[in-house]
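# Topology and contacts: notes
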Amino acid sequence: MTNSRHCPFNLPSKPNRYAVMQHVGQTLGTEVEEQEARVASTADPALIGPYEPETLNAYEAGFKAELFDCELRTNGAAFENDFSNKQEEVIQPIPNLPFTGTAVENAVSARDRGAELEFTALRRAQSRLRSLCGAQWRSLAAA
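Residues numbered from 1 in each chain as written. Predicted model: local features only at pLDDT ≥ 70, side-chain atom pairs only at ≥ 80, totals over all residues. Heavy atoms only, no water.

Now for the overall build of the protein chain. The number of helices and strands found in the protein chain is zero helices and five strands. Ordered by position in the sequence, the α and β elements of the protein chain form the string β-β-β-β-β. Within the protein chain, the fraction of its 143 residues that count as buried is 27%. The contacts of the protein chain with a sequence gap of at least 6 include a subset with a gap of at least 24, amounting to 61%. Total accessible area on the protein chain stands at roughly 9,900 Å², and carbon and sulfur atoms take up 54% of it. (Helix = DSSP H or I, 4+ residues; strand = E, 2+ residues; numbered from the N terminus. Buried < 20%, exposed > 50% of the residue type's maximum accessible area, 1.4 Å probe, protein only. Contact = heavy atoms within 4.5 Å. Areas by Shrake-Rupley, 256 points an atom, 1.4 Å probe, with all protein chains shown as cover.)

This brings us to a nonpolar patch on the surface. A contiguous nonpolar surface patch, about 450 Å² in accessible area, is contributed by Tyr 18, Val 20, Phe 63, Leu 117 and Phe 119. Looking at the element boundaries, Phe 119 is found in strand β4 (residues 100-124). On the basis of relative accessible area, Phe 119 is assigned to the partly exposed category, the value being 36%. (Patch = residues over 30% accessible without salt bridge, like charges linked within 9 Å, V, L, I, M, F, W, Y side chains within 5 Å. Salt bridge = Lys/Arg side-chain N within 4 Å of Asp/Glu carboxyl O.)

Before going further, it helps to spend a moment on the side chain of Thr 120. Counting through the fold element by element, Thr 120 comes out in strand β4. Apart from residues no more than four positions distant in its own chain, Thr 120 is found in contact with Glu 71, Leu 72, Arg 73, Arg 128, Leu 129 and Arg 130.

Looking now at the environment of Tyr 18. Here Tyr 18 shows up in the segment before β1 (19-31). It is 6.1 Å that separates the C-alpha atoms of Tyr 18 and Asp 69, two residues lying 51 residues apart in sequence.

Let us look at the pairing of strand β2 (residues 54-67). Pairing between β1 and β2: 13 bridges, direction antiparallel. Paired with Val 24 across the strands is Ala 61, a residue of β2. Here 13 bridges tie β2 to strand β3 (residues 72-93), and the two strands are oriented antiparallel to one another. Residue pairing in the sheet places Glu 60 in a bridge with Phe 79 of β3. From the end of β2 to the start of β3, which pair antiparallel, there are four residues, and Phe 68 there has a positive phi angle of about 55 degrees. (Pairing = 2+ DSSP bridges.)

Looking now at the packing of aromatic side chains. By the definition in use, this model includes zero aromatic pairs. Above the ring of Phe 83, the side-chain terminus of Lys 86 is found at 4.5 Å from the ring centroid. (Phe/Tyr/Trp six-rings, centres within 6.5 Å; stacked < 30°, edge-to-face > 60°. Lys NZ or Arg CZ within 6 Å of the ring centre and 35° of its normal.)

Let's shift gears to the pattern of salt bridges. If you walk through the whole model with that rule in mind, you get six salt bridges. Two residues, Glu 118 and Arg 130, come together in a salt bridge whose shortest N-O distance is 2.7 Å. Taken together, the residues span a long stretch of sequence, with Glu 118 in strand β4 and Arg 130 in strand β5 (residues 127-142) at a distance of 12 residues. According to the relative accessible area criterion, Glu 118 is buried, its value standing at 17%. Through salt bridges that share partners, Glu 80, Asp 82, Arg 111 and Arg 113 make up one connected network.

Now the structure itself:
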């Protein structure tokens, strides 16, 4: 007996139908806009720039699947974001009031990595069981 539930992948009406879609992507971005230091107008001018543009190289791969006549949905993805010349706000001492200022510097290079996995079981129209899990971690290196 086929399930009358609508599957988002528009599968044909056959028993035990399934579908799997994969995706892979890569994106390159650059932050070239210079930010001003957040300090009082009497602050040390040395806190204001210059610094290098921040760049991001992002990668992602994943899948979406409808299995067992659309009774089990699974989604998974893994990603990596590589930052170079990462712009960070750094508190610096200054000689006059307010005695500290926030400057933007190319403080670190960073790499974010992570993965996500999701399962949804749909046994009947009124019952649904969903499970999600994910992890993310970051590594930093001095610039």
